[in-house]
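An overview of the molecular structure
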Amino acid sequence: MSRLALVFALLATQMSPAQAQTETRRPSHCIAIADAAPGLEYLQKASWQDPIPEYTVRLSYIGHASFLLQTPGGLNAVTDFTGFIGNVDMIPDVVTMNHAHDTHWTAFPDPAIPHVLPGWGEPFGSGIDHHLDLGEVLIRNVSTNIRSRFGGTEEKGNSIFVFEVEGLCIGHLGHLHHIPTDEQFAALGRLDVVMVAVDGGMTLPLNKVVPMLERLRSSVVIPMHWFSGYALEQFLTEISESFAIDRRDASSMEVSLRSLPSRPTVVVLRPDYLR
């Protein structure tokens, strides 16, 4: 649907942009192995405000563990939402949150946000299940355990969120504290793009992160949650034997199903608040 047609549809039905998305979502292949298209360019430097090509998803690294995911139909989703994404008026359609630390969630999300998805349940330890179908995007979660404040374990305290959109399966591993179980790997399926914490201390140690990513075998890995160049460089050194490294002087990337790289690749984005 063109933008002009979408405007007329909204005026006629008085629906929100999220409600007015196409009802048919391009099926993802989360449970199947993705076919690569060798030799194609899969990254473009773009502003988060630029139009998004058809069959393409834009990911913008805002900071820490927060990313903005945008679709051709106009949906905006923010991961590990803290309440601030930059000096912009944009209200996301969906935000996801984890509560391992207050840098991954907010107790006071803007009430104008249509869908707020916490990665934990009440009472703590009960977990939560999300299966939000917005037509163009399906958002689901896989619960994981986290370390509690006093050294114990809070079962199902956080979530890995998965976005199925434009035929892609995009995963945000959140504040992950343990290697997923076989059942959790199966629930995740094949992730074409994965965002992973590489601080090596507060989350999963790097000697466990790299084998986990080798098992996931995602086409694109985006490191996040790194507090210094040292932690990032250590991660890149350890994973360079099995993944290609692509450093980008940009905070955003565009990816499509057909443009996935032929070899699993780590794409380094530079965090930047939206402007």
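As the structure is a prediction and not an experimental result, all values here were calculated from the model. (Residues numbered from 1 in each chain as written. Predicted model: local features only at pLDDT ≥ 70, side-chain atom pairs only at ≥ 80, totals over all residues. Heavy atoms only, no water.)

**Looking at the overall build of the protein**
Helix and strand counts for the protein come out as 4 helices and 14 strands. Classification of the 275 residues of the protein by burial places 55% in the buried group. Considering only residue pairs separated by 6 or more positions, the protein has 59% of its internal contacts joining residues 24 or more positions apart. Of the roughly 12900 Å² of accessible surface on the protein, 53% is carried by carbon and sulfur atoms. (Helix = DSSP H or I, 4+ residues; strand = E, 2+ residues; numbered from the N terminus. Buried < 20%, exposed > 50% of the residue type's maximum accessible area, 1.4 Å probe, protein only. Contact = heavy atoms within 4.5 Å. Areas by Shrake-Rupley, 256 points an atom, 1.4 Å probe, with all protein chains shown as cover.)

**Regarding the nonpolar core**
The biggest cluster of nonpolar side chains holds 58 residues, and the ones touching the most others in it are Ile 170, Met 212, Leu 213, Ile 222 and Phe 235. For this core, the element with the highest residue contribution is helix H3 (residues 206-216), accounting for 6 residues. Not counting residues up to four positions away in its chain, the partners in contact with Phe 235 are Val 198, Leu 206, Val 209, Val 210, Leu 213, Val 221, Pro 223 and Val 266. (Core = buried A, V, L, I, M, F, W, Y, C linked by side-chain atoms within 4.5 Å.)

**Let's talk about the confidence of the model for the protein**
Residues of the protein with pLDDT of at least 70 account for 84%, and the chain-wide mean is 85. Within the model, pLDDT remains below 50 along residues 1-22, and this stretch shows 21 contacts once partners closer than five positions in the same chain are excluded. This stretch, residues 32-44, has a pLDDT under 50; its non-local contacts, to residues over four places away or in other chains, come to 35 contacts. (pLDDT = per-residue confidence, 0-100.)

**Quick notes on unusual backbone geometry**
With omega at -5°, the peptide bond leading from Glu 122 into Pro 123 counts as cis. Relative to the elements of secondary structure, Pro 123 occurs in the loop between strand S5 (115-118) and strand S6 (131-133). Its identity as a non-glycine residue notwithstanding, Asp 80 has a phi of 40°, on the positive side. Tracing the backbone through its elements, the reader meets Asp 80 in the loop between strand S3 (76-78) and strand S4 (94-97). Exposure remark for Asp 80: the relative accessible area of 0% places this residue in the buried category. Within the chain, Glu 166 stands out as a residue other than glycine whose phi angle is a positive 50°. Within the secondary structure, Glu 166 sits in the loop between strand S8 (153-165) and strand S9 (168-172).

**Side note on the side chain of His 178**
Following the sequence through the fold, His 178 ends up in the loop between S9 and helix H2 (182-188). The residues touching His 178, leaving out its near neighbours within four places in the chain, are Thr 144, Asn 145, Gln 184 and Leu 204.

**As for the environment of Val 165**
With respect to the secondary-structure elements, Val 165 resides in strand S8. Look at Val 165 and you get buried, because its relative accessible area is 0%. Between the C-alpha atom of Val 165 and that of Pro 27, which follows or precedes it by 138 residues, the distance is 7.7 Å.

**Describing the sheet that holds S4**
Taken together, the 6 strands give an open sheet; going across it, the order is S5-S4-S3-S2-S1-S13, and neighbouring strands pair in mixed fashion. Every interior strand has two partners, whereas the edge strands, S5 and strand S13 (252-256), have only one. Looking at each pair of strands side by side, their axes are set apart by 20° on average, direction ignored. Two strands pair when backbone bridges link them, and strand S2 (residues 66-70) and S3 are joined in this way by 3 bridges, in the antiparallel orientation. What sits directly across from Leu 68, in S3, is Val 78. (Pairing = 2+ DSSP bridges. Axes fitted to C-alpha atoms, helices over the stretch in contact; angles between N-to-C directions.)

**Details of the sheet that holds strand S11 (residues 220-224)**
Strand order in the open sheet made by the 8 strands is S6-S7-S8-S9-S10-S11-S14-S12, with mixed pairing throughout. Here the strands that pair on one side only, and so sit at the sheet edges, are S6 and strand S12 (244-247). Adjacent strand axes in the sheet meet at a mean angle of 25° when their direction is disregarded. Two elements, strand S10 (residues 193-197) and S11, share 5 bridges in a ladder whose sense is parallel. Its bridge partner lying in S11, Val 193 is registered against Val 220. Against the sheet, H3 makes contact with S10 and S11, and its axis sits at roughly 170° relative to S10, the strand it touches most. Along the sheet, helix H4 (residues 229-239) contacts S11, S12 and strand S14 (265-268); its crossing angle with S14, the most-contacted strand, is approximately 165°.

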